[in-house]
Amino acid sequence: MDSRINLLNFDPEGMSDYIASLQEKPFRAQQLMRWVHQRGEADIAQMSDLAKTFRATLAEKACVSALPVISDQQASDGTRKWLLDVADGNAVEMVYIPEDDRGTLCISSQAGCAVNCSFCSTGKQGFSRNLTLGEIIGQLWMAEHTLRKEPGAIKRIDSYDGTPLDEHEGRVISNVVMMGMGEPLLNYEPVVGAMRLMLSDNAYGLSRRRVTLSTSGVVPMMDRLANDLPVALAVSLHAPNDALRDELVPINKKYPLKELMAACMRYLPFAPRDFLTFEYCMLDGVNDSDQHAKELVELLKKIPCKLNLIPFNPFPDSGLKKSSPARVQDFAKRLMDAGIITTVRKTRGDDIAAACGQLAGDVKDRTNVKQRMQVVKFDKGVTRS
């Protein structure tokens, strides 16, 4: 086992502290971050503008080690999914979604998830542990520098504000969403540390508008994020009233809609955009009625927002069905007619189970979720075993 320190585990402040502990000059931290994150260099010996004596010391004490890849799949629409080994029998998934105007990477923050939303495959696996900062940013590091080497990769150079162009080859991933496996705000410090690297001009140089954190509604941590590192926020809503949301998103029992909406209003002044995003998974006969649309309008009408309607992506043993395209479109029209900006998310990567809600990985569950959740009852009176 390698006992050296993994440089991927340092956020900008941590890297500065580490360099200071080696009694090196502060600017070495910036140099090292550029080598590791902008250039993707894992061989310390190749970091040519570092002094040879420093490289020798560093190679003895530190390394750059990303997560081992278990599998690498590509969907018919170009979506790509990696299964990554996070040790002790656990594996997580991350997804890259290429589009004409952007390249989006969906990153995991936990091995499994303890929130246990009814429509999410990850939650049905239970929860094992939080990922470290290095395991989170290591997903971006691996994906960016893997994709960058491939023919036809779209490289975006102009977004590295103030960074000399000869110090990198151009970025492939333009957007990062913390929407993979896990609830990011329940792994707060490592997630925020990783996002600091995403935003750093000495690392990935992303703007706050291009880093999105998705949460099921961990109210105290939403408030903390607003003060610490306000990135774009997406709130997983999925129900317009507490009774139904208690069933679909169990964390609602702890932070009900009134508290969640108040937290959203508190976040708005700090948000990099002048609106928040709400996500709503369309479930046939569960949350897609005209009455639900009416309640949703009432809930959101005072909050500057955009609503993403997400067609449900089935997975084994969910017991749920996707709303019909006609129902989704009618639901969307009712919201738009009420003045709420509404989009229907295009399903990507569903042929390799890479679509929203399908990420599962491999988790050694410490929460015994399958034993605890034998029966789920929805307020419409239907029981699922």
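Nothing here was measured: the structure is a model prediction, and the numbers come from that model.

Conventions used here
- Residues numbered from 1 in each chain as written.
- Predicted model: local features only at pLDDT ≥ 70, side-chain atom pairs only at ≥ 80, totals over all residues.
- Heavy atoms only, no water.
- Helix = DSSP H or I, 4+ residues; strand = E, 2+ residues; numbered from the N terminus.
- Polar contact = N/O pair within 3.5 Å; in protein donor to acceptor, adjacent residues only side chain to side chain.
- Contact = heavy atoms within 4.5 Å.
- Pairing = 2+ DSSP bridges.
- Axes fitted to C-alpha atoms, helices over the stretch in contact; angles between N-to-C directions.
- Parallel < 35°, antiparallel > 145°, perpendicular 65-115°, else oblique.
- Left-handed = near helix turned anticlockwise from the far one by under 90°.
- Nonpolar A, V, L, I, M, F, W, Y, C, P; charged D, E, K, R; others polar.
- Buried < 20%, exposed > 50% of the residue type's maximum accessible area, 1.4 Å probe, protein only.
- Phe/Tyr/Trp six-rings, centres within 6.5 Å; stacked < 30°, edge-to-face > 60°.
- Lys NZ or Arg CZ within 6 Å of the ring centre and 35° of its normal.
- Core = buried A, V, L, I, M, F, W, Y, C linked by side-chain atoms within 4.5 Å.
- Arc of directions from axis to C-beta.

The next thing to look at is the side chain of Ser-236. Relative to the elements of secondary structure, Ser-236 occurs in strand S11 (residues 232-236). Only 3.2 Å separates the side chain of Ser-236 from the side chain of Glu-279, close enough to count as a polar contact. Contact partners of Ser-236, with chain neighbours within four places excluded, come to Ser-214, Thr-215, Ser-216, Arg-245 and Glu-279.

Moving on: the sheet that holds strand S9 (residues 175-178). Strands sit in the order S3-S4-S5-S6-S9-S10-S11-S12-S13-S14 across an open sheet of 10 strands; the sheet is mixed. This sheet does not close on itself; its edge strands, each paired only once, are strand S3 (69-74) and strand S14 (341-344). Direction aside, the axes of adjacent strands within the sheet are offset by 20° on average. With four bridges joining them, strand S10 (residues 211-215) and S11 adopt parallel strand pairing.

With that settled, consider the packing of helix H1 (residues 12-21) against helix H2 (residues 27-38). Relative orientation of the contacting elements H1 and H2 amounts to 125°, with a least axis distance of 8 Å. Classified by the interaxial angle, the pair formed by H1 and H2 is oblique. Where H1 crosses over H2, the two elements pack in a sense that is right-handed. The residues of H2 that touch H1, namely those facing Pro-12, Met-15, Ser-16 and Ile-19, are Arg-28, Ala-29, Leu-32 and Met-33. The class makeup of the residues in the contact of H1 with H2 is six nonpolar, one polar and one charged.

Unusually for a residue other than glycine, Ala-87 sits at a positive phi of about 75°. Among the secondary structure elements, Ala-87 is positioned in the loop between strand S4 (80-85) and strand S5 (91-98). For Asp-88, which is not glycine, the phi dihedral falls at a positive 55°. Considering the arrangement of structural elements, one finds Asp-88 in the loop between S4 and S5. Assessed through its relative accessible area of 63%, Asp-88 is described here as exposed.

Another point: the side chain of Ser-214. As for its placement among the helices and strands, Ser-214 is situated in strand S10. One polar contact links Ser-214 to Ser-236, side chain to side chain, over a distance of 3.5 Å. In this structure the side chain of Ser-214 is engaged in a polar contact, spanning 3.1 Å, whose partner is the side chain of Glu-279. Ser-214 has contacts with Met-178, Met-179, Glu-183, Pro-184, Ala-234, Ser-236 and Glu-279, leaving out every residue within four places of it along the chain.

Glancing now at the packing of aromatic side chains. Both the distance between ring centres and the angle between the ring planes are used here to describe each pair of aromatic rings. Counted by the stated rule, this structure contains two aromatic pairs. Measuring from ring centre to ring centre gives 5.5 Å for Tyr-280 and Phe-331, while their planes differ by 25°; the resulting arrangement is stacked. Taken together, the positions of Tyr-280 in strand S12 (residues 276-282) and Phe-331 in helix H11 (residues 325-337) put the pair 51 residues apart, joining distant regions of the chain. The class for Tyr-280 is buried, based on a relative accessible area of 0%. Here the guanidinium or amino end of Arg-39 rests over the ring plane of Trp-35, the centre of that ring lying 4.0 Å away.

Our next topic: the environment of Ser-174. Position of Ser-174 relative to the elements: it lies in the loop between helix H5 (133-147) and S9. Residue class for Ser-174 comes out buried when judged on its relative accessible area of 1%. Sequence separation between Ser-174 and Leu-105 is 69 residues, and the spatial gap between their C-alpha atoms is 8.2 Å. Among the polar contacts listed, one links the side chain of Ser-174 to the side chain of Asn-175, at a separation of 2.7 Å.

One broad trend across soluble globular proteins is that nonpolar side chains are buried collectively. Core analysis: the largest hydrophobic core is formed by 111 residues, its most contacted members being Phe-119, Met-195, Met-198, Leu-225, Met-261, Phe-278 and Leu-300. Sequence-distant contacts of Met-198, defined by excluding residues within four places in its chain, comprise Ile-107, Ile-137, Leu-140, Val-176, Met-178, Tyr-204, Gly-205, Leu-206 and Val-211.

On to the pairing of S4, then. Along S4, five of the six residues are buried, which leaves the element largely enclosed by surrounding structure. Relative to S4, S3 runs antiparallel, the two being bridged by five bridges. Looking at the pairing, Ser-71 lines up with Leu-83 of S4. Linking S3 back to S4 in an antiparallel pair, the connection comprises five residues, with Gly-78 at a positive phi of about 95°. As paired elements, S4 and S5 share six bridges and run antiparallel to each other. From the neighbouring strand, Lys-81 faces S5, where its bridge partner is Val-95. Hairpin remark: S4 followed by S5, antiparallel, with five residues in the connecting loop; positive phi at Ala-87, about 75°.

Bringing helix H7 (residues 219-228) into the picture now. Restricting attention to buried positions, one finds in H7 the residues Val-219, Met-221, Met-222, Leu-225 and Ala-226. Seen from one end, H7 has its buried residues packed into an arc of 160°, which puts them on one side.

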